[in-house]
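Coordinate analysis (summary)
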Amino acid sequence: MKEFFSSPAMLLLCIMIIMSIILFITMAVDKRRAVKGRYRVPERRLFILAILGGAIGGWGGMYAFHHKTRHLKFVICFPLFAILQLAGLIWMFIM
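Residues numbered from 1 in each chain as written. Predicted model: local features only at pLDDT ≥ 70, side-chain atom pairs only at ≥ 80, totals over all residues. Heavy atoms only, no water.

As for the overall build of the protein chain
- When helices and strands are tallied, the protein chain shows three helices and zero strands.
- Start at the N end of the protein chain and walk to the C end: the helices and strands fall as α-α-α.
- With the C-alpha coordinates aligned to their principal axes, the bounding extent of the protein chain is approximately 45 × 25 × 20 Å.
- Across the 95 residues in the protein chain, those meeting the buried criterion constitute 33%.
- Nonlocal contacts in the protein chain, meaning residues at least 24 apart in sequence, comprise 70% of its contacts between residues at least 6 apart.
- When the accessible surface of the protein chain is summed, it comes to about 6300 Å², and 72% of that surface belongs to carbon and sulfur atoms. (Helix = DSSP H or I, 4+ residues; strand = E, 2+ residues; numbered from the N terminus. Buried < 20%, exposed > 50% of the residue type's maximum accessible area, 1.4 Å probe, protein only. Contact = heavy atoms within 4.5 Å. Areas by Shrake-Rupley, 256 points an atom, 1.4 Å probe, with all protein chains shown as cover.)

Here's the deal with the nonpolar core
- In terms of nonpolar packing, the biggest core is built from 14 residues, with Leu23, Met27, Leu46, Ala50, Phe74 and Phe78 touching the most fellow members.
- Sorting elements by how many residues they give to this core places helix 2 (residues 43-64) first, with six residues.
- Once residues lying within four places of it in the same chain are set aside, the contact partners of Leu46 are Leu23, Thr26, Met27, Asp30, Val41, Lys68, Phe74 and Phe78. (Core = buried A, V, L, I, M, F, W, Y, C linked by side-chain atoms within 4.5 Å.)

What to know about helix 2
- Compared with an ideal rise of 1.5 Å per residue, which puts 22 residues at 32 Å, helix 2 spans 18 Å between its outermost C-alpha atoms and falls more than 12% short.
- Along helix 2, the residues classified as buried are Leu46, Phe47, Leu49, Ala50, Gly53, Gly54, Ala55, Gly57, Gly58, Gly61 and Met62.
- The inward-facing, buried residues of helix 2 abut helix 1 (8-36) and helix 3 (72-94).
- Looking one or two residues beyond helix 2, the residue adopting positive phi is His66, at roughly 50°. (Expected span 1.5 Å × (residues − 1).)

Side note on the side chain of Thr26
- Tracing the sequence through the fold places Thr26 in helix 1.
- Take Thr26: its relative accessible area is 15%, and that puts it in the buried class.
- Excluding residues within four positions of it along the chain, Thr26 makes contact with Val41, Leu46 and Leu49.

Things to note about the packing of helix 1 against helix 3
- At a minimum axis distance of 9 Å, the contact between helix 1 and helix 3 shows a crossing angle of 160°. One element, helix 1, and the other, helix 3, form an angle in the roughly antiparallel class. Seen from above, helix 1 lies across helix 3 with left-handed handedness. In this structure, helix 1 contributes Pro8, Ala9, Met10, Leu12, Leu13, Met16, Leu23 and Met27 to the contact, and helix 3 contributes Phe78, Gln85, Leu86, Leu89, Met92 and Phe93.
- Considering only residue class, the contact of helix 1 with helix 3 consists of 13 nonpolar, one polar and no charged. (Axes fitted to C-alpha atoms, helices over the stretch in contact; angles between N-to-C directions. Parallel < 35°, antiparallel > 145°, perpendicular 65-115°, else oblique. Left-handed = near helix turned anticlockwise from the far one by under 90°. Nonpolar A, V, L, I, M, F, W, Y, C, P; charged D, E, K, R; others polar.)

Things to note about the packing of helix 2 against helix 3
- Contact geometry for helix 2 and helix 3: axes closest at 8 Å, N-to-C directions at 90°. Comparing their axes, helix 3 and helix 2 come out roughly perpendicular.
- A per-class count over the contact of helix 2 with helix 3 returns 17 nonpolar, four polar and two charged.

Next comes the structure, spelled out in structure tokens:
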């Protein structure tokens with residue numbers, strides 16, 4: 001197991017997977033709360049999770065749950081963050 005995490009690229013990949021799962025679930029929870037008219041997850045928290053590596057999960061959650069798809073800042077930023085994170089990950093694996 002130690003060898004698996006010895007590469008910074010592998011560690012980053014694991015972080016991105018975990019954060020993407022967390023943000024995907026958070027998007028589902030927020031959508032459910034929105035439908036029920038309950039207290040919502042702050043947008044700031046969604047963006048923080050996306051920046052910390054979960055952009056792919058957030059982007060997927062947007063379209064899986066039809067949530068935040070009318071908000072331009074989400075439609076632009078989540079895919080942009082995802083592309084940057086994937087580019088960084090690919091760069092780390094190449095180097």
